[in-house]
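The primary structure of each chain is shown beneath.
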Amino acid sequence: MSFFGLDAPIRYAGPDSKDPLAYRFYDKNKQVMGKRMEDHLRFSACYWHSFTWPGGDPFGGETFLRPWMHGSDPLQMARDKADVAFDMFKLLDVPFFTFHDVDVAPEGASLAESVKNLETITDIFAEKMGQTGTRLLWGTANLFSHRRYMAGAATNPDPDVFAYAVGQVKAAIDATKKLNGENYVCWGGREGYETLLNTDMKKELDQLGRFMSMLVDYKHKIGFSGPILIEPKPREPSKHQYDFDVATVFGFLQKYDLLADVKVNIEQNHAILAGHSFDHEVRLAYALGVFGSLDINRGDDLLGWDTDQFAMNVSELTLLFHEMLKQGGFTTGGLNFDAKIRRQSIDPQDLLIAHVASMDACARALLAAEAMIADKALEGPLAARYSGWASPDNQAILRGESDLETIAAKAMAGLDPQPRSGRQEYLEGVLNRYV
Ligand code: XUL
Ligand code: CO
């Protein structure tokens, strides 16, 4: 019997099931707009929240008391953790997982020793992936927990810290390539500042630009075919992070000429912290051509920090999938559960139940979005709202075939545009018909 007290993988049992360990909507082989549900959603379990976080918060320590976190041999503990992690991937029947270097293997006394540990554990991963069929959505390096990174990694005033970070990132992308990872993620939690009094902002941005350019060059050199993804977040742990939101990251990528190789990994809770909705960030990423992947979770309306709760809000998720379906869905990206159970959820099965409930919320939202698209429920009114632009002379404006004087003359000739309703409440009612 496993840590979870369950041997058979969790299965689809239909919407009437009351079993918290059965899928009610996630039916992986069900066809949705010509593609299997599993291929639309591309769920990925994450290592850090599920297996390395002990349940602490700023006011209290460990609550989970996981057996693999207590022992005297760090490498053996890492092996035990891998056994439980792959057991959970199999029980949930998720196609992907994600990890940071330090989540999976113990840090050694030197970088060389840490890298050796990472290689040992990722060799074990390769074997387990072969046995279970679980794939790697992305790998990443943790360049924010260790005290050496307290003033940043790529943006550190000390070039030796920059070099250490380069060494760590090289090993992490090597490991990601070895495991056929489909993307490589960079989240710069400490790439920002605490006070401008001690910060040379232009210099730090240039350092970050060089760091990313070298990573892109190396990716090409080793033939890593997936994109590099930057994960925007406005703050926490730093007071200000340079990768504030999608728009800010786009400006950075444009300035340092990285748009061809780097996309974004958008997280719901980070969008909220930046003062945006999830839907806003996703739409903007598509509009700017930088959409990559998603960290699926949710913030708490009353708490102003990154609570990383499991996504359960079907209306919000429906708007997300409506946009995703319209845009053709994921290519290399997926839905990574950057989500953690609450620190009081101490039963082993709470981990499974959280994933199942959130996967079901996503599946239900995907089905609602499919129905909305079939009915053109939102697309119809949207097309009508912009329909004036379809006329040949207005199309010519957008193609650059008109000029200021020509258009001004048309307005001066007696144009009298009449305001029309934005129909917000009507549209909110339409959405509620489907969720
Ligand atoms: C932190 C966060 C990270 C990244 C990967 O807020 O989201 O876990 O997803 O480093
Ligand atoms: Co994240």
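What counts, and where the lines are drawn
Residues numbered from 1 in each chain as written. Chains lettered and ligands numbered in written order. Predicted model: local features only at pLDDT ≥ 70, side-chain atom pairs only at ≥ 80, totals over all residues. Heavy atoms only, no water. Buried < 20%, exposed > 50% of the residue type's maximum accessible area, 1.4 Å probe, protein only. Helix = DSSP H or I, 4+ residues; strand = E, 2+ residues; numbered from the N terminus. Pairing = 2+ DSSP bridges. Right-handed = clockwise from strand over helix to strand, strands pointing away. Core = buried A, V, L, I, M, F, W, Y, C linked by side-chain atoms within 4.5 Å. Contact = heavy atoms within 4.5 Å. Near = heavy atom within 4 Å. Polar contact = N/O pair within 3.5 Å; in protein donor to acceptor, adjacent residues only side chain to side chain. Areas by Shrake-Rupley, 256 points an atom, 1.4 Å probe, with all protein chains shown as cover. 1 Å grid on protein atoms, 1.4 Å probe; cavity = no way out; pocket = protein on both sides within 12 Å on 5 of 7 lines; lining within 4 Å. Sits in = over half its atoms within 2 Å of the grid points. Nonpolar A, V, L, I, M, F, W, Y, C, P; charged D, E, K, R; others polar. Disulfide = S-S within 2.5 Å. Domains from an automatic or database assignment.

Attention shifts here to the pairing of strand S6 (residues 183-186). Within a regular strand, the side chains alternate between the two sheet faces. Of the two faces of S6, the one lined by Asn183 and Val185 and the one lined by Tyr184 and Cys186 are each fully buried. Where strand S5 (residues 135-140) lies against S6, 3 bridges are found, and the strand directions are parallel. Within the sheet, the bridge partner assigned to Trp138 lies in S6 and is Asn183. What joins S5 to S6 is helix H6 (residues 159-178), and the crossover it makes is right-handed. As defined by bridge partners, S6 adjoins strand S8 (residues 228-230) across 3 bridges and the pair is classed as parallel. Pairing of Tyr184 across the sheet is with Ile228, part of S8.

As a further point, take the nonpolar core. Phe125 and Phe321 are the most contacted members of the largest nonpolar core, which totals 106 residues. Per-element tally for this core: the top contributor is helix H12 (residues 348-374), with 12 residues. With residues near it in sequence (within four places) discarded, Phe321 still touches Leu41, Leu335, Cys362, Ala365, Leu366 and Ala369. Ranked by size, the runner-up nonpolar core spans 7 residues in total, among them Cys46, Trp48, Val185 and Leu229.

Contacts to ligand 1 come from Trp48, His100, Trp187, Glu231, Lys233, Glu267, His270, Asp295, Asp306 and Asp338. Separating an oxygen atom of ligand 1 from a side-chain N or O atom of His270 is a distance of 2.9 Å. Asp338 places a polar side-chain atom, nitrogen or oxygen, 2.7 Å from an oxygen atom of ligand 1. Bound to the protein, ligand 1 loses 93% of the 300 Å² it would expose on its own. A majority-of-atoms criterion places ligand 1 in the largest pocket. Grouping the constituent residues of the shell around ligand 1 by class yields 2 nonpolar, 2 polar and 6 charged.

Before going further, it helps to spend a moment on the state of the cysteines. Inspection of every chain in the model, using the stated rule, returns 0 disulfides. As a non-bridged cysteine, Cys46 has Cys362 as the owner of its nearest cysteine sulfur, 14 Å distant. Residue Cys46 is classed as buried on the basis of its relative accessible area, which comes to 0%. Free of any disulfide, Cys186 has its nearest neighbouring cysteine sulfur in Cys46, separated by 17 Å.

Before going further, it helps to spend a moment on the domain arrangement of the protein. Taken domain by domain, the protein consists of domain 1 (31-375) and domain 2 (386-434). A straight line from the C-alpha centre of domain 1 to that of domain 2 covers 40 Å.

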